[in-house]
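# Fold and contact review
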Amino acid sequence: MQGLMMQQPLLVSSLLTHAERHHGEREIVSRRIEGDIHRYSFTELARRSRRMANALSSLGIDRGDRVATLAWNGYRHLELYFAVSGSGAVLHTLNPRLHVDQLAYIIENAADRVVFFDITFLPIIEEVAKRATGPTVFVAMTTRAHMPATHQLPVSLLCYEDLMDSHSDGFTWPLLNENDACSLCYTSGTTGLPKGVLYSHRSTVLHTLSAALPDALNCSARDTILPVVPMFHVNAWGLPYIACMVGAKMVFPGPSLDGRSLYELIEAEQVTLSAAVPTVLQGLLAHADEHQASFSSMRRTVVGGAPCPTAMTATFQDRYGVDVLHAWGMTELSPLGTVCSFKSHQLGLPVEQRNAIQAKQGRALFGIDMKIVDASGNELPWDGRSTGDLHVSGHWVSREYFRGENSARLRNGWFPTGDVAKIDPDGFMQITDRSKDVIKSGGEWISSIDIENVATLHPDVLGAVCIAASHPKWDERPLLLVVKVPGSSVSSDELLAHFDGKVAKWWKPDAVVFIDSIPLGATGKVLKNTLRDQFRNYYVGD
Ligand code: AMP
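Predicted, not measured: the structure shown is a model, and the values here were computed from it.

### Looking at the overall build of the protein
Secondary structure summary: the protein contains 15 helices and 25 strands in total. Taking 2.2 N^0.38 as the reference for a compact globule, 542 residues should give roughly 24 Å; the C-alpha atoms of the protein span a radius of gyration of 24 Å, in line with that estimate. Principal-axis analysis of the C-alpha atoms places the extent of the protein at approximately 70 × 65 × 50 Å. A buried classification covers 59% of the 542 residues belonging to the protein. Long-range pairs, those at least 24 residues apart, make up 67% of the contacts in the protein between residues at least 6 apart in sequence. As displayed, the protein offers around 22300 Å² of accessible surface, 50% of which is attributable to carbon and sulfur atoms. Charge-centre separation for the protein: the mean point of 49 positive side chains lies 2 Å from the mean point of 58 negative side chains.

### Notes on the site of the ligand
Lining the immediate surroundings of the ligand are 15 residues, of which A327, T331, Q361, D419 and R434 lie closest. Within the contact set of the ligand, an oxygen atom lies 2.6 Å away from a side-chain nitrogen or oxygen of T331. Within the contact set of the ligand, an oxygen atom lies 2.6 Å away from a side-chain nitrogen or oxygen of D419. Considering the ligand on its own, with 500 Å² of exposed area, one finds that the protein chains cover 93% of that surface. Classifying every residue of the shell around the ligand gives five nonpolar, seven polar and three charged.

### Side note on the packing of helix α10 (residues 278-290) against helix α11 (residues 310-320)
When two helices pack together, their arrangement is given by the angle between the helix axes and the distance between those axes. Contact geometry for α10 and α11: axes closest at 11 Å, N-to-C directions at 35°. Pair α10 / α11 crosses with left-handed handedness. For the pair formed by α10 and α11, the contact residues are P278, L281, Q282, L284, L285, A288 and D289 on the first element and M312, T315, F316, R319 and Y320 on the second. Considered class by class, the residues forming the contact of α10 with α11 number eight nonpolar, two polar and two charged.

### Concerning the environment of E444
When you line up the elements, E444 lands in strand β22 (residues 444-446). Judged by its relative accessible area of 47%, E444 falls in the partly exposed class. Each C-alpha atom of the pair E444 and T142 lies 55 Å from the other, and the pair is 302 residues apart in sequence. In this view, E444 contacts I439 and W506; residues no more than four positions away in its chain are not counted.

### Here's the deal with the packing of aromatic side chains
How two aromatic rings sit relative to each other is set out by the distance from centre to centre and by the angle between their planes. Taken as a whole and judged by the stated rule, the model has eleven aromatic pairs. Each ring, one from F82 and one from Y241, has its centre 6.2 Å from the other, and the planes form 85°; the classification is edge-to-face. In this pair, F82 sits in helix α3 (residues 75-86) while Y241 sits in helix α8 (residues 239-246), placing the two residues 159 residues apart along the sequence. In this pair, the class of F82 matches that of Y241, namely buried. Ring centres 6.1 Å apart and planes at 85° place the aromatic pair W506 and W507 in the edge-to-face group.

### Describing the side chain of S448
Examined against the element boundaries, S448 turns out to sit in helix α13 (residues 448-456). Here D433 takes part through its side chain, which lies 2.4 Å from a polar atom of the side chain of S448. Excluding residues within four positions of it along the chain, S448 makes contact with T432, D433, D437, I439, C466 and K528.

### A short note on the state of the cysteines
The full count for this structure, using the stated rule, is zero disulfides. Cysteine C219 remains unbridged, with the sulfur of C244 as its closest cysteine sulfur at 12 Å. Of all cysteine sulfurs in the structure, the one in C340 sits closest to C308, which takes part in no disulfide; the separation is 9.7 Å.

Conventions we followed
Residues numbered from 1 in each chain as written. Predicted model: local features only at pLDDT ≥ 70, side-chain atom pairs only at ≥ 80, totals over all residues. Heavy atoms only, no water. Helix = DSSP H or I, 4+ residues; strand = E, 2+ residues; numbered from the N terminus. Rg over C-alpha atoms; globule rule 2.2 N^0.38 Å. Buried < 20%, exposed > 50% of the residue type's maximum accessible area, 1.4 Å probe, protein only. Contact = heavy atoms within 4.5 Å. Areas by Shrake-Rupley, 256 points an atom, 1.4 Å probe, with all protein chains shown as cover. Lys, Arg positive; Asp, Glu negative; His and termini not counted. Charge placed at Lys NZ, Arg CZ, Asp CG, Glu CD. Near = heavy atom within 4 Å. Polar contact = N/O pair within 3.5 Å; in protein donor to acceptor, adjacent residues only side chain to side chain. Nonpolar A, V, L, I, M, F, W, Y, C, P; charged D, E, K, R; others polar. Axes fitted to C-alpha atoms, helices over the stretch in contact; angles between N-to-C directions. Left-handed = near helix turned anticlockwise from the far one by under 90°. Phe/Tyr/Trp six-rings, centres within 6.5 Å; stacked < 30°, edge-to-face > 60°. Disulfide = S-S within 2.5 Å.

And the structure:
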């Protein structure tokens, strides 16, 4: 027997219409490329998104067509989130930190028809346009007054605000199939070519619902949310959609992601929740430390994309009263899979034990299941000790890549994440490595992330990376690469002594090498393969 409930498809446009009807007055504040602050309301966001939807249709964009953006976090980018997806086309967010050859490859692979870009990216776009012949229209996301006097694009360059001005806001969001694609994001591709992950309206709305829950990102109409994580990196972890669903004020940082700019924005707009990768938050903490500043409104921050060092959790919580929400996800997971929020029996634990729990990536959101398996695919116990390959399944997990390329190869319906993890009896998952970063010493695995966590607890360590270096006896041994706090004269022996009693003896790195900086990839992740290439033969000599 069928239920007798209304059947309404789960559509991205429904998030916007909800925000307009129920939270119309809520503000969206953006630091613009032009340097000034722009503010308007959800009502205006909805009106302008409809006008842009009319503009897209005048450009000949049909359902299913790909429309690309190369832009920082801001209100125009948000309008495109809804105008493109809401009208049935597919929003393809491009990462400006990728090499132009990669961008050109991705644009051709996605067959993008139009590319919208922030005016500061014109030089990149000009290079890309020489290599990718697909797009027939480029749109500069700015006003007529800021349009470039000349450009070297082979096709027409339109002005975003001209397009906006020449269309009405009379547009009805179409009733799409909820399984239709709404957006496309390519994996960062540190190994092999980038692969496209194609999200559906349904997967996006379900992700939004689950990610906003109290034990996930805990978002409400009382929040002011600052997604520092870029809108080109897995839809800013879903926060723009969440803010519309719950009616939270939204604050966008534009291109200014340094500690001072972020701190000033957080204070000026009374941000309650921010979200960023650890390297960006390091800059924010460094600014706060240097100026002995405090956070008057920020109550919590999401830290994800890379492991959140224990030292960072402790500083945010103990010194600044800002709770850390350690989250794990992937492009293939839209992106959220787990968030580390306490269960009730953990609340009374001593602070060191709670900090140790928060080093874990956390519990699965409703809608995601996970397991760890051995090399033969057998499920391993959740005993907090067994480590294995992490597999996930769920409503917002990619089934296969766009155009079937480098197929995701589901294993019995489970997606192999490429992460190595353990899970404790409370269901808290902890990533110990990417499978390709695992250190195998004498046949046993050593977690590079655990070593890095201990290293960054030392007050003279600004950043640390642990890699596998070839070893004549043990195959591989851990080598610790350290960026010192400026002015520090700490020695490698002192740093190695810091490990005594904190990790098993055989986990202790054999040596420390001081480096000037840590190489980061396009999404802020440490490029361990670059460091491995450089230091692989450290113990064996070249
Ligand atoms: P991306 O698809 O670029 O978002 O990268 C996803 C990968 O980032 C995951 O498979 C993990 O290896 C890593 N990652 C994301 N969040 C975390 C986290 N909290 N701790 C450790 N690694 C993470």
